[in-house]
Amino acid sequence: MQAIQIISIVVIYFFVLLGISYFTGKSDSNNSFFKAEKKSPWYVVAFGMVGASLSGVTFISVPGWVQASQFSYMQIVFGYLAGYFVIAYILLPIYYRTNITSIYEYLRERFGVVSHKTGAVFFFISRVLGASFRLFLVASVFQYFIFDTWNIPFEVTVVISILLIWMYTYKGGMRTIVWTDTLQTLFMLAAVFASIYIICDSFGLTVFEAFKSEEFKEYSQMFFTEDINNSKHLLKSFFGGMFIAIAMTGLDQDMMQKNLTCKSTKEAQWNVLSLGFILIVVNFIFLFLGALLFMYADKNGIAIPTIDGKIKTDLLFPQIALNENLGLPIALFFILGLIAAAYSSADSALTSLTTSFCFDFLRLENQEEKRQKTIRKKVHIGVSILLVLVIIIFKHVLDDNVISSLLKVASYTYGPLLGLFAFGIFTKHQIIEKRVPFVALFAVITTAILNYYSTVLFNGYKFGYELLIVNGAITFLGLLTIKSNKPISQ
């Protein structure tokens with residue numbers, strides 16, 4: 001597929017998004033931008049959240065992960081479902097009862113200003129890194145397959161990517177995103193199903209025959225139960241996935257902001273639970289696609305792409321879709337799916353970061369009403385610039401599979417949030433507020449040390465994604481050491 005064809009698809013696609021933005025962003029009010037006026041149908045939010053939950057990382061990186069980890073990622077996904085039940089029946093009722101815009105306002109009501117700021121800082125760091133991971137992956141694909149051909153620098157590619165998102169979110173915010181995410185999820189899933197069909201057809205097999213083939217079985221081991229020291233062990237992955245879902249969805253302003261646009265707690269609960277079951281099916285389909293991609297590469301002698309001498313399995317899907325002899329349809333579907341998957345998470349990340357900064361740091365609700373919209377727009381631009389800078393830095397430091405890197409970072413940055421919320425919900429204690437940031441930093445540093453020396457300290461044991469639980473537990477125990485005698489106010 002020629003670079004000019006890809007650019008044409010991207011341009012047409014964004015004109016569609018701008019059209020949606022025009023009709024949903026007419027009011028340009030803060031209530032519409034931050035909460036979509038609490039009028040979003042739950043089933044629309046749920047379907048759109050599929051794309052936001054998966055993102056460009058899942059679209060490219062999960063299939064690329066199959067070679068190294070086979071289907072072990074499903075162990076994490078089953079854990080996600082357990083986490084969504086916790087979100088639905090513990091966290092959502094709290095958020096709706098307190099009627100907050102930023103979920104970290106709960107920490108201010110429960111403990112005080114310092115805890116609120118600490119939680120908001122860790123979210124901000126987490127979401128900036130997470131959004132940057134996702135956008136870095138998409139920008140890398142565009143750079144590798146399009147802009148390198150025209151000798152356009154990576155930095156320009158990144159600026160263009162962020163600018164496009166800003167253009168269709170700066171007025172409508174969440175009201176726009178609820179509907180654009182729905183469209184983007186549809187395109188993403190269509191791309192995956194079409195790619196599977198086209199690759200199977202190239203083998204001369206039906207989808208069912210490919211699933212039953214001996215070649216597929218070489219990539220499809222799902223459960224790892226033999227060695228508890230293995231970072232992919234079932235128990236580590238399941239409970240790690242459970243707490244990743246609680247932290248990265250339930251304690252994440254990005255994901256919860258969509259839920260809080262639903263009309264009631266009950267509808268938001270239906271949204272979260274339906275999402276959990278759908279993700280099991282969808283992630284399995286992505287892994288199936290990954291196995292097919294490596295089968296196709298083996299059969300046709302296709303080398304895995306490299307960047308600066310480093311093998312990048314994340315680029316195998318685009319390599320096969322765009323540069324091999326599978327025809328124009330798979331290239332077209334891939335580009336549509338990639339854009340949809342990437343921007344369905346990136347646009348909401350930009351909006352949620354704007355929301356968090358406005359309410360958690362600037363206390364927008366206390367500003368003069370005539371200045372609130374101006375402040376919001378300035379913050380929106382500032383966050384956009386920050387994402388550009390972080391993505392450019394990633395180009396020089398990131399050398400792992402992107403989804404693996406994303407989950408590793410989450411284990412450190414979301415741990416203090418997990419501990420803070422758990423302490424607030426499950427205890428009646430107040431705390432010595434000024435010490436909260438030190439407890440959070442201590443938890444992160446201690447977790448990093450335990451992870452680095454785990455094989456020495458624990459007889460060969462290697463941490464997997466349960467590292468998030470360890471981080472949250474250290475934070476919780478640290479908060480116990482700074483509890484005060486003052487009981488929680490009733």
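Criteria and cut-off values
- Within every chain, residues take consecutive numbers counted from 1 along the sequence as written.
- Only residues with pLDDT of 70 or above have their local features reported here, since the model is predicted, and side-chain atom pairs are shown and tallied only from 80 upward, although totals for entire chains, interfaces and linings are computed over all residues.
- Hydrogen atoms and water are omitted, and side-chain values are computed over all heavy atoms in the structure.
- Secondary structure elements are taken from DSSP: a helix is a run of H or I of four residues or more, a strand is a run of E of two residues or more, and numbering for both begins at the N terminus.
- Between buried and exposed lies partly exposed: a residue is buried under 20% and exposed over 50% of the maximum accessible area for its type, with that area taken using a 1.4 Å probe on protein chains only.
- The contact rule is simple, with two residues in contact once any of their heavy atoms fall within 4.5 Å.
- Method for areas: the Shrake-Rupley scheme with a 1.4 Å probe, in which residue coverage is limited to the protein chains shown.
- Aromatic pairing here means that ring centres of Phe, Tyr or Trp (its six-membered ring) are within 6.5 Å. Orientation follows from the plane angle: under 30 degrees is stacked, over 60 is edge-to-face, and everything else is tilted.
- Two thresholds decide whether a charge sits over a ring: the Lys NZ or Arg CZ must be within 6 Å of the ring centre and within 35 degrees of the ring normal.
- Note on geometry: axes are C-alpha line fits, over the in-contact stretch for helices, and angles between N-to-C directions span 0 to 180 degrees.
- An angle below 35 degrees is treated as roughly parallel, one above 145 as roughly antiparallel, one from 65 to 115 as roughly perpendicular, and anything else as oblique.
- Crossing handedness is read from the near helix: turned anticlockwise from the far helix by less than a right angle, it gives a left-handed crossing, and turned clockwise, a right-handed one.
- For this classification, Asp, Glu, Lys and Arg are treated as charged, while Ala, Val, Leu, Ile, Met, Phe, Trp, Tyr, Cys and Pro are nonpolar and the rest, including Gly, are polar.
- A pairing counts as a salt bridge when a side-chain nitrogen of Lys or Arg comes within 4 Å of a carboxyl oxygen of Asp or Glu.
- By convention a nonpolar core is built from buried Ala, Val, Leu, Ile, Met, Phe, Trp, Tyr and Cys residues, the set being connected through side-chain atoms within 4.5 Å.
- Exposure above 30% relative accessible area and the absence of a salt bridge qualify a residue for a patch, where like charges join within 9 Å and nonpolar side chains (Val, Leu, Ile, Met, Phe, Trp, Tyr) within 5 Å.

Peer 1: Let's hear about the overall build of the protein: which residues, and what values?
Peer 2: Within the protein, the regular secondary structure consists of 21 helices and four strands. Every one of the 490 residues in the protein was classed for burial, and the buried ones make up 59%. Looking at the protein alone, contacts between residues at least 24 apart form 85% of all its contacts between residues at least 6 apart. In the structure as shown, the protein presents an accessible area of about 19,500 Å², 64% of it carried by carbon and sulfur atoms.

Peer 1: Explain the packing of aromatic side chains to me, and be specific about the residues and the numbers.
Peer 2: All told, the structure shown has 28 aromatic pairs when counted by the stated rule. Between Phe211 and Phe216, the ring centres sit 5.2 Å apart and the planes meet at 40 degrees, which makes this aromatic pair tilted. Among the residues examined, Phe216 registers a relative accessible area of 3% and is labelled buried. Measuring from centroid to centroid gives 6.1 Å for Phe458 and Phe463, while their planes differ by 85 degrees, and the two rings are edge-to-face. Relative accessible area serves as the criterion here: at 15%, Phe463 is assigned to the buried category. Taken together, the ring pairs connect Phe71, Phe211, Phe216, Phe284 and Phe288 into an aromatic cluster. Directly above the aromatic system of Phe224 lies the positively charged group of Lys232, at a separation of 5.4 Å from the ring centroid. The ring of Tyr461 carries the charged tip of Lys236 above its face, separated from the ring centre by 3.7 Å.

Peer 1: So what about the packing of helix α6 (residues 113-147) against helix α7 (residues 154-169)? Which residues, and what values?
Peer 2: Where α6 contacts α7, the two axes come as close as 9 Å, and the packing angle between them is 125 degrees. With respect to their mutual orientation, α6 and α7 come out oblique. Note on packing geometry: the crossing formed by α6 with α7 is right-handed. Residue-level contacts link Leu135, Phe136, Ala139, Ser140, Phe142, Gln143 and Phe147 of α6 to Phe154, Thr157, Val158, Ile162 and Ile165 of α7. Looking at the contact of α6 with α7 residue by residue, the class counts come to nine nonpolar, three polar and no charged.

Peer 1: Talk me through the pattern of salt bridges; I want residue IDs and the actual numbers.
Peer 2: Taken as a whole and assessed by the stated rule, the structure comprises three salt bridges. Where Glu105 meets Arg108, a salt bridge forms, and the shortest distance between an N and an O atom there is 3.6 Å. One end of the pair is Glu105 and the other is Arg108, both in helix α5 (residues 105-110) and three residues apart, which spans about a single turn. The closest approach of N and O atoms between Glu214 and Lys217, which form a salt bridge, is 3.4 Å. Of the two residues, Glu214 and Lys217 both sit in helix α10 (residues 214-217), three residues apart, roughly one turn of that helix. Residue Glu214 is classed as exposed on the basis of its relative accessible area, which comes to 54%.

Peer 1: Would you mind going over the packing of α7 against helix α16 (residues 369-397) in detail, with residue names and values included?
Peer 2: Running from amino to carboxyl end, α7 crosses α16 at an angle of 150 degrees, the nearest separation of the two axes being 10 Å. Between α7 and α16, the crossing angle belongs to the class labelled roughly antiparallel. Where α7 crosses over α16, the handedness of that crossing is right-handed. Where α7 approaches α16, its residues Phe154, Glu155, Val158, Val159, Ile162, Trp166 and Thr169 are matched on the opposing element by His380, Ile381, Ser384, Leu387, Val388, Ile391, Ile392 and Lys395.

Peer 1: Let's hear about unusual backbone geometry: which residues, and what values?
Peer 2: In this structure, Arg363 is a non-glycine residue whose phi angle is positive, near 50 degrees. Looking at where Arg363 falls in the secondary structure, it is placed in the loop between α15 (328-361) and α16. Under the relative-accessibility criterion, Arg363 is labelled partly exposed at 25%.

Peer 1: Can you lay out the nonpolar core for me, pointing to particular residues and giving the numbers?
Peer 2: Within the largest apolar cluster, 150 residues are counted, with the highest numbers of intra-cluster contacts made by Phe59, Tyr95, Phe142, Ile199, Leu292, Phe334 and Tyr343. Sequence-distant contacts of Ile199, defined by excluding residues within four places in its chain, comprise Leu289, Leu292, Leu293, Tyr296, Leu326 and Ile330.

Peer 1: Which residues make up a nonpolar patch on the surface, and what values do they have?
Peer 2: A cluster of nonpolar side chains, namely Leu441, Ile445, Ile449, Tyr452, Tyr453, Val456, Leu457 and Phe458, defines an oily patch on the protein surface of about 870 Å² accessible area. With four residues, the single largest contributor to the nonpolar patch is helix α19 (residues 436-452). Locating Val456 in the fold gives a position in helix α20 (residues 454-457). Assessed through its relative accessible area of 66%, Val456 is described here as exposed.

Peer 1: Run through the environment of Ala340, naming residues and quoting values.
Peer 2: Note on placement: Ala340 falls in helix α15. By relative accessible area, which is 0% here, Ala340 ends up buried. The spacing of Ala340 and Phe59 is 281 residues in sequence and 9.6 Å in space, taken between C-alpha atoms. In this structure, Ala340 is in contact with Tyr13, Gln184, Phe187 and Met188, ignoring residues within four places of it in sequence.

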